[in-house]
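Given next are the chains, with one letter for each unit.
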2 protein chains.
Amino acid sequence: MSKLVIVGTVAFDAIETPFGKTDKILGGAATYIGLAASQFNADGAIVSVVGGDFPEEYIAMLKNNELDVTGLEVIKEGKTFFWSGKYHNDMNSRDTLATELNVLENFNPKVPENYKDAEVVMLGNLHPLVQLSVIEQMDAPKLIVLDTMNFWMDNALPELKQAIAKVDVITINDEEARQLTGEYSLVVAAQKIMEMGPKYVVIKKGEHGALLFQGEDVFFAPALPLEAVFDPTGAGDTFAGGFTGYLAKTGDYSFENMKNAIIYGSALASFCVEKFGTERLEGLSKKEVHKRLKQFQSLTQFDIALT
Amino acid sequence: MSKLVIVGTVAFDAIETPFGKTDKILGGAATYIGLAASQFNADGAIVSVVGGDFPEEYIAMLKNNELDVTGLEVIKEGKTFFWSGKYHNDMNSRDTLATELNVLENFNPKVPENYKDAEVVMLGNLHPLVQLSVIEQMDAPKLIVLDTMNFWMDNALPELKQAIAKVDVITINDEEARQLTGEYSLVVAAQKIMEMGPKYVVIKKGEHGALLFQGEDVFFAPALPLEAVFDPTGAGDTFAGGFTGYLAKTGDYSFENMKNAIIYGSALASFCVEKFGTERLEGLSKKEVHKRLKQFQSLTQFDIALT
């Protein structure tokens, strides 16, 4: 059991999908990552910032999920980061209706003293300078995972490349991998990203699953085919939380074990999309997860004898 | 080892991709299906029609691949079916430049006497009435597989539904499954198609792999991630040929064995797209196929102990 540092937003989201809409509910990358990682009883700490408007009950819920929140700064006079979006009918694309940075604008992350020796660091989507600051605060992590998005490629590419150069794993979606490298083929794009620094590249393809690359090796995990996707918000972060939570729990950072971590991440993400926001992840039982992992096994495992 | 009847076009194709273009080359669904099935030394017979312009050497090549061609009618005074298409840069969409039905217009398929007792029938994409005529000529096949496309949904839906009602397996791509059922979710679409007759539904998603459904069970095979797709023509038919060829060879039509068949189909399709037309499939060695199957294993197999 290794310690896990989770950096990312803790936020309010307002979401509209073809199935309905929400008022301001709990959201944010670090929230989803933390809830997913908590499935492994990983010793995880959230490093983030919220405003005085952030409900005590949300913080209590994170604590109940055995997440350390001493690195979750509360700026009493500030307001919590807010995002609002509307998904199109196919659920694969969305419009951002509002983004209010608020306390995130001057976020200065502070890793708690007793987590500076953590083996695993999960850098959720944030300004690359914030991600770099966290890397600098760590003693000697064995695995640093970075998630990012096209926004930083458009607005902070030099800083993003600096951060990418310092991490072991990057998680990125297919369109972003193409934008970052100018390559259409995901195989070629992954090779180019590895040349930027990371030893492992995870390319997330949403409903089409996820690819893990290391050198010439590739592993693929499908998304679970679902009758309906209710709300995709947080699925990528839940995937990242399952991935890093499993690795922190097992302390085995080999490619072979990362295959399992990818499957755990995919399984947890398949729960996330079943309800609005974090609702499905809160109180998710180990029994439910176990059952879903068996579904992934029967979905992907075959028996051709090859010698 | 069971007999396999393969019905479909044997044709000329002229193909343009971002990598180059061809003159009239050998094409057609039955050609690709036959070449793929020949990997298993299945006792396969092609039922199709060509014109007097069809080169002897192509027929000789099919024979060399141990395919029976007594059901391949040659209409001396007629011309062979011709299709011409141009792929877009992303290789996922294409424009049809020309379709000349020629001898296909009045195609009256004749299953050779000694193949009427075949256990497996692969009905390649053709007018559903032609597919129905073949079904009627068979004694008591154990597995009938039907491939089709949106053209027949637009132009011969009642006949298509008649054919679908009489088969065990349908292979169809994702957009066509949605068109046929009016359902966006492929899980729901597959359920609706099973209600139309087939016990098994295979949904082909191109570069995103293929799904196999039976009742509540699902299996997924990814496409092999490739550095470049040179020419996608025939990939779906190659997949179908690998699928049925493997099933005919093993004589095991269970869901568990269909998983293996789907993997074989995907592996063979991954060769097809590496060169123009049938070039890569002709003379493909068992050693190459074996190596690729191992790639599929390492791409998809993981080791989470679940009890």
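None of these values were measured; they are calculated from a predicted model. Per-chain numbering applies: the sequence of each chain, read as written, is numbered from 1 onward. Chain letters start at A and ligand numbers start at 1, both assigned in the order the entries are written. Where local features are concerned, this predicted model is filtered to residues with pLDDT of at least 70; where side-chain atom pairs are given and counted, the filter is 80 or more; whole-chain, interface and lining totals use all residues. Hydrogens and waters are ignored; side-chain quantities use all the structure's heavy atoms.

Undergrad: Help me get a handle on the overall build of chain A, residues and values and all.
TA: Check the secondary structure of chain A and you find 10 helices and 14 strands. C-alpha atoms define the radius of gyration, and 2.2 Å times the number of residues to the power 0.38 defines the globule rule. In terms of overall dimensions, chain A is globule-like: its C-alpha atoms have a radius of gyration of 18 Å, near the 19 Å expected for 307 residues. Summarising its shape, the C-alpha atoms of chain A cover approximately 65 × 40 × 40 Å along the three principal directions. For chain A, contacts bridging at least 24 residues in sequence account for 64% of all contacts bridging at least 6. Areas reported here follow the Shrake-Rupley algorithm with a probe of radius 1.4 Å; residue values treat only the protein chains shown as occluding. As displayed, chain A has an accessible area near 12,200 Å², and 48% of this comes from carbon and sulfur atoms. The centroid of the 27 positive side-chain charges in chain A is displaced by 3 Å from the centroid of its 42 negative side-chain charges. By definition, any uninterrupted DSSP run of H or I lasting at least four residues is a helix, any uninterrupted run of E lasting at least two residues is a strand, and each is numbered from the N terminus. Residue contacts follow a heavy-atom distance rule, with two residues in contact if any of their heavy atoms lie within 4.5 Å. Note that His is not counted, nor are the chain ends; the positive residues are Lys and Arg, and the negative ones are Asp and Glu. Here the site of a charge means NZ on Lys, CZ on Arg, CG on Asp, or CD on Glu.

Undergrad: Run through the interface of chain A and chain B, naming residues and quoting values.
TA: Of the residues lining the interface, 36 residues belong to chain A; the matching set on chain B comes to 36 residues. By convention, the term buried area covers the 1.4 Å-probe accessible surface removed from two parts as they join, with the contributions of both added. Of the roughly 3,500 Å² buried where chain A meets chain B, counting both sides, 59% is carbon and sulfur surface. When residues of chain A are sorted by the area they lose upon contact with chain B, A:Phe302, A:Ile304 and A:Leu306 head the list and together hold 20% of the total. Looking at the side of chain A that touches chain B, the elements that each hand over two or more residues are helix 7 (186–195), strand 14 (217–221), helix 9 (255–272) and helix 10 (286–300) of chain A. By residue number, the principal contributor to the side of chain A that touches chain B is helix 10 of chain A, which donates eight residues. All amino acids are sorted into three groups, where Ala, Val, Leu, Ile, Met, Phe, Trp, Tyr, Cys and Pro are nonpolar, Asp, Glu, Lys and Arg are charged, and the leftover types, Gly among them, are polar. Residues that form the side of chain A that touches chain B fall into these classes: 18 nonpolar, 10 polar and eight charged.

Undergrad: Now, about the packing of aromatic side chains: what can you tell me, with residues and values included?
TA: Residues and elements named next belong to chain A. Working definition: a ring pair exists when centres of Phe, Tyr or Trp rings (six-membered ring for Trp) sit within 6.5 Å. Plane angles under 30 degrees give stacked, over 60 give edge-to-face, the rest tilted. Taken as a whole and assessed by the stated rule, the structure comprises 17 aromatic pairs over all chains. On the basis of an interplanar angle of 20° and a centroid distance of 5.3 Å, the ring pair of Phe19 and Phe230 is categorised as stacked. One end of the pair, Phe19, is in the loop between strand 2 (11–17) and strand 3 (20–21); the other, Phe230, is in the loop between strand 14 and helix 8 (235–250), with 211 residues separating them in the sequence. A 1.4 Å probe rolled over the protein chains alone gives each residue an accessible area, and that area as a share of the maximum for its type sets the label: buried under 20%, exposed over 50%, partly exposed in between. Using a relative accessible area of 26% as the deciding quantity, one classes Phe230 as partly exposed. With a centroid separation of 5.9 Å and an interplanar angle of 70°, the aromatic rings of Phe40 and Tyr246 are classed as edge-to-face. Separated by 206 residues along the polypeptide, Phe40 in the loop between helix 1 (29–37) and strand 5 (43–51) and Tyr246 in helix 8 bring together distant segments of the chain. Three or more aromatic residues link up through ring pairs in this structure, and these residues are Phe12, Phe54 and Tyr58.

Undergrad: An account of the relation of the copies chain A and chain B is needed here, citing residue identities and associated values.
TA: Here the copies are superposed with least squares, the fitted atoms being C-alpha atoms of residues at a pLDDT of at least 70 in both. Superposing chain A onto chain B takes a rotation of 180° combined with a translation of 0.0 Å along the rotation axis, leaving an RMSD of 0.0 Å. Viewed as a symmetry operation, the transformation between the two copies matches a two-fold axis.

Undergrad: For the UniProt feature "domain: Carbohydrate kinase PfkB" (unreviewed entry) in chain A, give the residues involved together with the corresponding values.
TA: Mapped onto this numbering, the UniProt entry gives "domain: Carbohydrate kinase PfkB" (unreviewed entry) at residues 2–279 of chain A. Between the end C-alpha atoms of residues 2–279 of chain A there is a gap of 27 Å, over a span that is 34% helix and 26% strand. UniProt positions are given in the numbering used here, feature names are shortened, and annotations may be inferred rather than shown by experiment.

Undergrad: I'd like a rundown of the environment of B:Asp90, residues and numbers included.
TA: Relative to the helices and strands, B:Asp90 is located in the loop between strand 8 (82–87) and strand 9 (94–100). Assessed through its relative accessible area of 32%, B:Asp90 is described here as partly exposed.

Undergrad: Can you break down the packing of helix 3 (residues 128–137) of chain A against helix 5 (residues 157–164) of chain A residue by residue, with the values?
TA: In a packed pair of helices, the relevant descriptors are the angle between the two axes and the axis-to-axis distance. All names here are of chain A. The angle between two axes is taken between their N-to-C directions and runs from 0 to 180 degrees, where each axis is a line fitted to C-alpha atoms and a helix contributes only its stretch in contact. At a closest axis distance of 8 Å, the pairing of helix 3 and helix 5 adopts a crossing angle of 30°. Judged by the inter-axis angle, helix 3 sits roughly parallel to helix 5. Between helix 3 and helix 5 the crossing geometry is left-handed. Within the contact between the two elements, helix 3 uses Pro128, Leu129, Gln131 and Leu132 and helix 5 uses Glu159, Leu160, Gln162 and Ala163. Residue composition of the contact of helix 3 with helix 5, by class: five nonpolar, two polar and one charged. For classification, angles of less than 35 degrees are called roughly parallel, those exceeding 145 degrees roughly antiparallel, those between 65 and 115 degrees roughly perpendicular, and all remaining angles oblique. In this scheme the crossing of two helices becomes right-handed for a clockwise turn of the near helix relative to the far one and left-handed for an anticlockwise turn of less than a right angle.

Undergrad: Can you break down the side chain of B:Thr9 residue by residue, with the values?
TA: Residues and elements named next belong to chain B. For Thr9, the location among the structural elements is in the loop between strand 1 (3–7) and strand 2 (11–17). For Thr9, a relative accessible area of 8% translates into the label buried. Polar contact is the term for a pair of N or O atoms within 3.5 Å; when the atoms are in protein, one must be able to donate a hydrogen and the other to accept it, and sequence-neighboring residues count only if both atoms are side-chain atoms. There is a polar contact of 2.8 Å between the side chain of Thr9 and the backbone nitrogen of Ala29.

Undergrad: Now, about unusual backbone geometry: what can you tell me, with residues and values included?
TA: Positive phi, normally seen in glycine, also occurs at A:Asn102, with a value near 55°. Mapped onto the secondary structure, A:Asn102 falls in the loop between strand 8 (94–100) and strand 9 (120–123). Even without a glycine there, the phi angle at B:Asn41 is positive, about 50°. By the element assignment, B:Asn41 lies in the loop between helix 1 (29–37) and strand 5 (43–51).

Undergrad: Can you explain the packing of helix 8 of chain A against helix 9 of chain A? Please cite residues and give values.
TA: Residue and element names in this part refer to chain A. Two elements in contact, helix 8 and helix 9, have axes whose closest approach is 7 Å; the angle formed by their N-to-C orientations is 140°. One way to sum up the angle between helix 8 and helix 9 is to call them oblique. Helix 9 is crossed by helix 8, and the crossing has right-handed handedness. On the side of helix 8, the interface is formed by Ala235, Thr238, Phe239, Gly242, Phe243, Tyr246, Leu247 and Thr250, while helix 9 contributes Asn257, Met258, Asn260, Ala261, Ile262, Tyr264, Gly265, Ser266, Leu268, Ala269 and Cys272. Here the residues of the contact of helix 8 with helix 9 are counted per class, giving 12 nonpolar, seven polar and no charged.

Undergrad: Any chance you could break down the pattern of salt bridges for me, citing the residues and the numbers?
TA: In what follows, salt bridge is the name for a side-chain nitrogen of Lys or Arg lying within 4 Å of a carboxyl oxygen of Asp or Glu. By the definition in use, this model includes 26 salt bridges over all chains. Among the ionic pairs, A:Glu16 bridges to A:Lys86, the shortest N-O distance being 3.9 Å. Note that A:Glu16 is positioned in strand 2 and A:Lys86 in strand 7 (residues 82–87), a separation of 70 residues in sequence. According to the relative accessible area criterion, A:Lys86 is partly exposed, its value standing at 37%. Taking the shortest distance from any N to any O, the salt bridge between B:Glu274 and B:Arg280 comes out at 2.8 Å. Three or more residues joined by partner-sharing salt bridges are found here, namely A:Glu274, A:Arg280, A:Glu288 and A:Arg292.

Undergrad: I'd like to hear about the sheet that holds strand 13 (residues 210–214) of chain A, residue by residue, with values.
TA: All names here are of chain A. When DSSP finds at least two bridges between two strands, those strands are taken to pair. Judged by pairing direction, the sheet is mixed, and its nine strands sit side by side in the order 6-5-1-9-10-11-12-13-14 without closing on themselves. Of all the strands in the sheet, the pair left with one neighbour each is strand 6 (72–75) and strand 14. On average, each strand axis in the sheet is tilted by 15° relative to the strand beside it, whichever way the strands run. Across four bridges, the pairing between strand 9 and strand 10 (residues 143–147) is parallel. Its bridge partner lying in strand 10, Val120 is registered against Leu143. Sitting on the sheet, helix 1 touches strand 1 (3–7), strand 5 and strand 9, and the angle it makes with strand 1 is about 160°.

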